[in-house]
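# A closer look at the structure
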Amino acid sequence: MTTPSDAIDERGFSPRYRRLGRRRIYASLGTALALCCAAIAAGALLVILFYVAVQGIGAINWAFLTQLPHPVGVPGGGVGNGILGMLIIIGLATAMAVPLGLLTGIYLALFGRGAIPEALRFLSDVLSGVPSIAIGLFAYAVLVAPLKHFSGFSASFAFMMLMLPLLVRTSEQAIRSVPQTVREGALALGMSNFRATMFIVLPTARPAIITALLLAIARVTGETAPLLFTAFGSQFWETSPNNPMAVLALQVFNYAISPYPNWQQQAWGGALLLIVAVFVLSLGARFMLRRAMRGLDA
Amino acid sequence: MSAATLNGELLAANDLSAYYGERKAVGNVSIAFRREAVTALIGPSGCGKTTLLRCFNRIHELSFEARVEGSVLLDGQDIYDGGVDPMAIRRRVGMVFQRPNPFPTLSILDNTVASAGRSLNRRRKLEVAERALRSAALWDEVKDKLKASPLRLSGGQQQRLCIARAVAAEPEVLLMDEPTASLDPIASAVIEELMASLADQFTIVAVTHNMQQAARVSDVTAFMLADETGTGRLIEVDDTAKLFTKPSDRRTEDYITGRFG
């Protein structure tokens, strides 16, 4: 069908194709712009990583990873107790946050209609927006002030509050993303709702849930603000969560604002360790996510 | 419309209506299904045949704001009576879905015996699985990879696995919701053969929008059509041979001769 506007012009192009040429220019401009933005974002990240690595790599050695901090003026020493404290506090926080977050997520995914679930979702969104220092303050008010001493447990409590909203919403999403046909298939065999959820739906959602968990752990690994008035810090190998504990991020903070070059150097080393930890957790999360995607199509 | 008469039929619906919220998707259907025969539910898209099927094992009520009026009699007992446990009903009325839905995290073996839970020991598990997989004509293809993931099977094999899974629960009725809709013609032919052979043991109700398929595999055919309000009505039930050659309702004739739908 030929209409006048389709007529071929003197250069042998129909107007329709001239318009196409202009579109192609716009498209290239858009692509170039997007590429620039991506380069800036990725570049900034790479610069940070590179800078921290250069500054921190010199501080990292076996003693740094395994020894107690030395007093000011005594060279050497390490952040071994901070690494231990971090593992204990995050471990405790995870042990509390996982059952709570997962069960809430299951509840929202399966019975997610009505006022109570909506309120839960809203509260969880609000909680995820609360500044971490406010959550630390809350932990201080309920667990430190009444007991009259700082403790590793109060830090775990604060971390749990930080992890919870992430776990609730992502595990709800993960369970929802399991095709309804899989759940119906289980129920159609006469399985109870509980069994269908625990043995069929949850395992199908597992990689996505583990991804969420790793991201939640990565989120609190670098948190420092809530530790200031909960874990507080310690110069010793502290293993009891009932006492003040050393935590790596807290040591980085204290060392970085100190006037001593030796400590500042160690602050960079600690920062590098934190970045590496988060990097590994994120890589793990990506790996699990890929498994989750593979499990669900097909 | 033939009224549901209970002369020993295993499954029957009496004045059954199904709703999604305010929307009446199936209206006042009464039908009795012949024992150990294949009944095909045919009709154009949106005529409520899948919804009707999902009322027979109480899966319909899992949908949002879904509810049912009227009764469904399984061996004379109304499955919608207050005290009836839907889980018990679903053990007696198995279902095969439109798209193969094997459990992605279970092995082929564990998929097959999923209905038995963890109560079986290893040897018993294998026996049950072999019998079910044989009756689903899948045993020879999977016997060497029972521990493998079901996702590595082809679509047709996955659907036969789902049939094996339903059969392993030893139901009395087998509901099939367009079991070949997502399969190629060759895989479909295998499933059709399977339906015919399973009819010796089970009362089968199969939804299909493929009239040739209904004509090939079923003993009885029920024709449904949505009325002007979008409510699915049962128009005619008869022996398949008669319904496709001498339908008694003009709308049935229009449909099977391809005048609409």
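All of the points below concern the structure found in this document. Note that the structure is a prediction, hence the values are computed from the model and not measured.

Definitions and cut-offs
Residues numbered from 1 in each chain as written. Chains lettered and ligands numbered in written order. Predicted model: local features only at pLDDT ≥ 70, side-chain atom pairs only at ≥ 80, totals over all residues. Helix = DSSP H or I, 4+ residues; strand = E, 2+ residues; numbered from the N terminus. Rg over C-alpha atoms; globule rule 2.2 N^0.38 Å. Buried ≥ 20, exposed ≤ 12 C-beta atoms within 10 Å, placed from the backbone. Contact = placed C-beta atoms within 7 Å. Axes fitted to C-alpha atoms, helices over the stretch in contact; angles between N-to-C directions. Parallel < 35°, antiparallel > 145°, perpendicular 65-115°, else oblique. Left-handed = near helix turned anticlockwise from the far one by under 90°. Nonpolar A, V, L, I, M, F, W, Y, C, P; charged D, E, K, R; others polar. Core = buried A, V, L, I, M, F, W, Y, C linked by C-beta atoms within 7 Å. Pairing = 2+ DSSP bridges. Right-handed = clockwise from strand over helix to strand, strands pointing away.

## Thoughts on the overall build of chain A
On a plain count of helices and strands, chain A comes out with 10 helices and 0 strands. Listed N to C, the secondary structure of chain A is α-α-α-α-α-α-α-α-α-α in terms of helices and strands. Relative to the globule expectation of 19 Å for 298 residues, the C-alpha radius of gyration of chain A, 26 Å, shows a markedly less compact shape. On the principal axes, the C-alpha backbone points of chain A span a range of 90 × 60 × 30 Å. When each of the 298 residues of chain A is scored for burial, the buried share is 36%. Put simply, 72% of the contacts in chain A that link residues at least 6 apart link residues at least 24 apart.

## Regarding the environment of Leu53(B)
Residue and element names in this part refer to chain B. With respect to the helices and strands, leucine 53 occurs in helix H1 (residues 49-55). Looking at leucine 53, the number of C-beta atoms within 10 Å reads 21, which means it is buried. Once the C-alpha coordinates of leucine 53 and valine 207 are considered, the two residues, 154 residues apart in sequence, prove to be 7.4 Å apart. Excluding residues within four positions of it along the chain, leucine 53 makes contact with Leu41, Leu175, Asp177, Val205 and Val207.

## Overview of the packing of helix H4 (residues 115-129) of chain A against helix H6 (residues 152-176) of chain A
All names here are of chain A. At a minimum axis separation of 8 Å, H4 and H6 run at an interaxial angle of 135 degrees. As judged from the angle between their axes, H4 and H6 are oblique. The handedness of the crossing between H4 and H6 comes out as left-handed. Of H6, the residues touching H4 (which contributes Ser124, Asp125, Leu127 and Ser128) are Met161, Leu164, Pro165, Leu166, Val168 and Arg169. The class makeup of the residues in the contact of H4 with H6 is 6 nonpolar, 2 polar and 2 charged.

## Here we look at the nonpolar core
Ile89(A), Phe159(A), Met163(A), Leu167(A), Val247(A) and Ile204(B) are the most contacted members of the largest nonpolar core, which has 150 residues in total. Top element by residues in this core is H6(A). It accounts for 15 residues. Contacts of Phe159(A), omitting those with residues within four sequence positions, involve Ile89(A), Ile90(A), Ala93(A), Val220(A) and Glu223(A).

## Comments concerning the pairing of strand E7 (residues 173-177) of chain B
Residues and elements named next belong to chain B. Most of E7 sits out of view: 5 of its 5 residues are buried. Residues of E7 alternate between two faces, with Val173, Leu175 and Asp177 on one and Leu174 and Met176 on the opposite face, all of them buried. The sheet contact formed by strand E6 (residues 93-96) and E7 spans 4 bridges and is parallel. By the bridge assignment, methionine 95 is partnered in E7 with leucine 175. Pairing between E7 and strand E8 (residues 203-207): 5 bridges, direction parallel. In the strand pairing of E8, aspartate 177 is matched with valine 207. Note on the crossover from E7 through helix H7 (residues 185-198) to E8: the handedness is right-handed.

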